[in-house]
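Survey of secondary and tertiary structure
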Amino acid sequence: MAVREVLRMGDPRLLARAQPVEEFDTPELHALLADMQDTMAALDGAGLAAPQIGVGLQVVVFGVEQNPRYPDAEEVPRTVLINPTLTPLANDLEDGWEGCLSVPGMRGVVPRYARLRYQGFDQYGKPIDRSVDGFHARVVQHECDHLIGVLYPMRIRDFRQFGFTEVLFPDEDIGDD
Ligand code: NI
C-alpha cells in the first residue's frame with residue numbers, strides 16, 4: 001500500500017490504450033487497487049485510473065463524499081470499476097468544469113453525456129451495472145477516458161474556458177482533481 005507518483009500530461013503512457021483485466025480477486029489486483037485508493041486519497045482526487053500511475057490496465061476508482069466545504073457537490077459512491085463499457089442514454093451533452101491529477105493546477109469546461117449506463121466488474125469479478133446522470137456520469141466518463149488515452153483537455157471545445165485553477169477560482173480552495 002503506497003501513494004504512487006501520478007504521471008502528468010506529456011507522458012506517452014497517458015495516451016496508450018489500457019488492456020482488460022483477465023483475472024479477478026488476485027493479490028496483484030488488490031495491491032494495485034490499494035495503491036490507487038491511497039494515491040487518490042492523498043491527493044484528494046475524485047477519481048484515478050490505473051494508467052495515471054503507469055499501469056496499463058482497465059481499472060478505475062472514483063468516489064466523492066459529501067464535503068461540508070462544498071454543500072452543492074453531488075455525492076458519488078466509492079466505486080472500483082474494471083473493464084468498463086459506457087453507453088450514453090441520451091444524446092444531450094452537458095458542459096461542466098473538470099480537473100485531473102495528471103493536469104495539476106488547471107480546470108477546463110468539458111462537454112459530457114448527461115446520462116449514461118456503465119457496466120463492468122469490481123475487483124472480485126462481481127458485475128456492476130448502473131444508470132447515472134449529472135456529476136456521477138461526468139466522473140465516470142472522465143476516468144474511463146484515461147483507459148483509451150484521452151485526457152480532458154483533448155475534449156475541450158472552448159479554450160477560453162480553460163486555465164489555472166487559482167486564477168479561475170481565486171476565492172475557492174479546491175484540489176487538483
Ligand atoms: Ni483525470
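For every chain, the first residue of its written sequence is number 1, and the numbers climb from 1 along that sequence. Local features in this predicted model are restricted to residues whose pLDDT is 70 or higher, and side-chain atom pairs enter the listing and the counts only when it is 80 or higher, whereas totals over whole chains, interfaces and linings include all residues. To get the side-chain values, take all heavy atoms of the structure and skip hydrogens and water.

1. Quick look at helix α1 (residues 27–42)
Cut-off, in case you're wondering: Note on conventions: DSSP H or I runs of at least 4 residues are helices, E runs of at least 2 residues are strands, and numbering of each starts at the N terminus. Here, expected helix span is obtained from the residue count minus one, scaled by 1.5 Å. Only protein chains enter the accessibility calculation, which uses a 1.4 Å probe. A residue is then buried if its area is under 20% of the maximum for its type, exposed if over 50%, and partly exposed in between. Throughout, a residue-residue contact means that at least one pair of heavy atoms, one from each residue, lies within 4.5 Å.
Compared with the 22 Å implied by 1.5 Å per residue over 16 residues, the 22 Å span of α1 between its first and last C-alpha is a close match. Along α1, the residues classified as buried are L29, L32, L33, A34, D35, M36, T39 and M40. In this fold, the buried residues of α1 make contact with β1 (47–49), β2 (59–64) and β3 (76–88).

2. Focus on the nonpolar core
Basically, it comes down to this: To define a nonpolar core, start from buried Ala, Val, Leu, Ile, Met, Phe, Trp, Tyr and Cys residues and group those joined through side-chain atoms within 4.5 Å.
If you look at the biggest cluster of nonpolar residues, it comprises 17 residues, and the most contacted ones within it are V60, F62, L81, L116, Y118 and V140. Listing elements by their share of this core, those giving two or more residues are β2, β3, β6 (115–121), β7 (127–133) and α2 (134–145). Per-element accounting of this core gives the leading share, four residues, to α2. Here V140 is in contact with F62, L81, L86, L116 and Y118, once residues within four sequence places are set aside. One finds V6, L32, V55 and V80 within the second-largest nonpolar core, a separate group that totals 16 residues.

3. Remarks on a negative patch on the surface
Stated precisely, the cut-off is as follows: The patches reported here contain residues having more than 30% relative accessible area and no salt bridge. Joining distances are 9 Å for like charges and 5 Å for nonpolar side chains (Val, Leu, Ile, Met, Phe, Trp, Tyr). All accessible-area figures derive from a Shrake-Rupley calculation using a 1.4 Å probe, and residue coverage is judged against the displayed protein chains alone. The salt bridge criterion pairs a side-chain nitrogen of Lys or Arg with a carboxyl oxygen of Asp or Glu, the two atoms within 4 Å. His is not counted, nor are the chain ends, whereas Lys and Arg count as positive and Asp and Glu as negative. By convention, charge coordinates are those of NZ in Lys, CZ in Arg, CG in Asp, or CD in Glu.
A contiguous patch of negative charge, built from E74, D92, E94, D95 and D133, is present on the exposed surface. Along the chain, E94 turns up in strand β4 (residues 93–98). Classification of E94 by relative accessible area gives partly exposed; the value is 39%.

4. Things to note about the sheet that holds β2
The following threshold applies: DSSP calls a pair of strands paired once it identifies at least 2 bridges connecting them. The convention used is that axes are lines fitted to C-alpha atoms, helices contributing only their stretch in contact, and that angles between N-to-C directions extend from 0 to 180 degrees.
Pairing is antiparallel across the open sheet formed by five strands, whose spatial order is β1-β2-β3-β6-β7. Looking at strand neighbours, the two that pair on one side only are β1 and β7, the edges of this open sheet. Neighbour-to-neighbour, the strand axes of this sheet turn through a mean angle of 35 degrees, independent of strand direction. Here β1 pairs with β2 via three bridges, running antiparallel. Paired with G47 across the bridge in β2 is F62. α1 contacts β1, β2 and β3 of the sheet and is inclined by roughly 40 degrees relative to β2. This element, α2, spans β1, β2, β3, β6 and β7 of the sheet and lies at about 70 degrees to β3.

5. Quick look at the coordination of the nickel ion
In plain terms, the rule: Any N, O or S atom lying within 2.8 Å of the metal counts as a donor, and for Na, K and Ca the limit rises to 3.2 Å; water is left out, so some sites can look incomplete.
Bound to the nickel ion are the protein donor atoms C100 (SG), H142 (NE2) and H146 (NE2), situated 2.1 to 2.3 Å from the metal. In the primary structure, the donors to the nickel ion are separated according to the pattern C-x41-H-x3-H. Taken together, the positions of C100 in the loop between β4 and β5 (106–113) and H142 in helix α2 put the pair 42 residues apart, joining distant regions of the chain. Like H142, C100 is buried.

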